[in-house]
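Next come the chains, spelled out residue by residue.
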Amino acid sequence: MYKVGILTVSDKCSQGERKDRSGKLICQTLAENGYEIYTYKIVPDEEEIIIQHLIKWSDELHLDLIVTTGGTGLSPRDVTPEATLKVVKKEVHGIAEALRLEGLKKTPHAMLSRGIAGTRGETLIINLPGSPKAVKEGLEVLLPILSHALAKLKGDPTECGEGPA
Ligand SMILES: Nc1ncnc2c1ncn2[C@@H]1O[C@H](COP(=O)(O)OP(=O)(O)OP(=O)(O)O)[C@@H](O)[C@H]1O
Ligand SMILES: Nc1nc2c(c(=O)[nH]1)N[C@H]1C(S)=C(S)[C@@H](COP(=O)(O)O)O[C@H]1N2
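These remarks concern the structure in this document. (Residues numbered from 1 in each chain as written. Chains lettered and ligands numbered in written order. Predicted model: local features only at pLDDT ≥ 70, side-chain atom pairs only at ≥ 80, totals over all residues. Heavy atoms only, no water.)

Thoughts on the overall build of the chain
So the rule is basically this: Note on conventions: DSSP H or I runs of at least 4 residues are helices, E runs of at least 2 residues are strands, and numbering of each starts at the N terminus. Atoms counted for the radius of gyration: C-alpha only. Globule rule: 2.2 Å times residue count to the power 0.38. Note on classification: 1.4 Å probe, protein chains only; a residue is buried when its accessible area is under 20% of the maximum for its type, exposed when over 50%, partly exposed between these limits. Accessible surface is estimated by sampling points in the Shrake-Rupley manner with a 1.4 Å probe; for residues, cover comes only from the protein chains shown. Lys and Arg are tallied as positive, Asp and Glu as negative. Neither His nor the chain termini are counted. The atoms used to mark charge sites are NZ of Lys, CZ of Arg, CG of Asp and CD of Glu.
Helix and strand content of the chain: six helices and six strands. Starting at the N terminus, the α and β elements of the chain follow one another as β-α-α-β-α-β-α-β-α-β-β-α. Over its C-alpha trace the chain gives a radius of gyration of 15 Å, about what one expects of a compact globule, namely 15 Å for 165 residues. Split into buried and exposed, the 165 residues of the chain put 45% on the buried side. Accessible surface, the chain as shown: approximately 8700 Å² in total, 56% of it carbon and sulfur. For the chain, the centre of its 21 positive side-chain charges and the centre of its 23 negative side-chain charges are spaced 3 Å apart.

Structure below.
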């Protein structure tokens, strides 16, 4: 069972001014789909704090997957993509592009998310926007590919083909 960490990046949620529905939605959805929710935290929109958590969860806890929610927009306090870029060793552009592409089918605002995805060692890190609606839509994009992505990240030699040639 793949181990997952969920990091909610939100000033309001971290100050108790808003209930974190988005992080909880990620926990619930991934658990329902067979992932082990290993850890879940709410942090403010502070780059250093985000970086510390991503590195610890990857290098010390050796999580397979980290999903962040929030702080991917244009607001001055939105720094999740910048923090994530400082942690990942390789970007997975296709995931970030797919999230925006599918998001645009729901709302033109999807183009305003600067979220990225990437890997650090054998950990896959994915940024989702903050709203529960964006999280629900983003998970619908991710769920079909997550187990394949994580298997490949761990060096699974099986072919990528879809069935017989
Ligand atoms: N974790 C969350 N749980 C529930 N709703 C959220 C959450 N994060 C964001 N939202 C909703 O999505 C909207 C846009 O998210 P955004 O990250 O811009 O939040 P914000 O309020 O601007 O900043 P912050 O959440 O960092 O205080 C928010 O105004 C809020 O309505
Ligand atoms: N699929 C999807 N993506 C989405 C949205 C959405 O509703 N659905 N919201 C957009 C909005 S309104 C914003 S402001 C940006 C950034 O959100 P964040 O600052 O909460 O990360 O995500 C965008 N991406």
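After presenting the structure, the write-up continues.
Topic: the pattern of salt bridges
Worth spelling out the cut-off: For salt bridges, the criterion is a side-chain nitrogen of Lys or Arg within 4 Å of an Asp or Glu carboxyl oxygen.
Enumeration according to the criterion identifies twelve salt bridges in this entry. Between Lys 56 and Glu 60 there is a salt bridge, with the nearest N and O atoms lying 3.5 Å from each other. Of this pair, Lys 56 and Glu 60 are both found in helix α3 (residues 47-60), four residues apart, which corresponds to roughly one turn of the helix. By relative accessible area, which is 40% here, Lys 56 ends up partly exposed. Across the pair Asp 64 and Lys 154 runs a salt bridge, and its minimum N-O distance is 2.9 Å.

Description of the pairing of strand β1 (residues 3-9)
To be explicit about the condition: Paired strands are those between which DSSP finds at least two bridges.
Among the seven residues that make up β1, six are buried, leaving the element largely enclosed by the rest of the structure. With seven bridges connecting them, β1 and strand β2 (residues 36-43) associate as parallel partners. Bridge pairing links Val 4 to Ile 37 in β2. Direction of pairing for β1 relative to strand β3 (residues 65-69): parallel, over a ladder of five bridges. Its bridge partner lying in β3, Thr 8 is registered against Thr 69.

Points about the packing of aromatic side chains
Two measures describe an aromatic ring pair: the distance that separates the ring centres and the angle between the ring planes. This is how the line gets drawn: Any two rings among Phe, Tyr and Trp, with Trp reduced to its six-membered ring, count as a pair given centres within 6.5 Å; such a pair is stacked if its planes are under 30 degrees apart, edge-to-face if over 60, and tilted if neither.
Counting across every chain of the model gives one aromatic pair. For the pair Tyr 2 and Tyr 35, a centre-to-centre distance of 6.3 Å together with 25 degrees between the ring planes defines the contact as stacked. Taken together, the positions of Tyr 2 in the segment before β1 and Tyr 35 in the loop between α2 (21-32) and β2 put the pair 33 residues apart, joining distant regions of the chain. Using a relative accessible area of 8% as the deciding quantity, one classes Tyr 35 as buried.

Re the nonpolar core
Taken as a class, soluble globular proteins show a tendency for nonpolar side chains to be buried jointly. Heads up, the condition is: For the purposes of this section, nonpolar cores are sets of buried Ala, Val, Leu, Ile, Met, Phe, Trp, Tyr and Cys residues that join through side-chain atoms within 4.5 Å. Should any heavy atoms of two residues lie within 4.5 Å, those residues are counted as being in contact.
If you look at the biggest cluster of nonpolar residues, it comprises 19 residues, and the most contacted ones within it are Ile 26, Leu 30, Leu 65, Ile 126, Leu 128, Leu 142 and Leu 146. Those elements giving two or more residues to this core turn out to be β1, α2, β3, α5 (93-104), β6 (123-128) and α6 (132-153). Residue contributions to this core peak at five residues, all from α6. Non-local contacts of Leu 128, meaning those with residues more than four positions away in its chain, are made with Ile 26, Val 67, Thr 68, Thr 69, Gly 70, Thr 72, Leu 99, Val 135, Gly 138, Leu 139 and Leu 142. Core analysis: the second largest hydrophobic core is formed by 15 residues, Val 43, Leu 54, Val 79 and Ile 116 among them.

Purely geometric stuff here, so don't read any function into it on its own.
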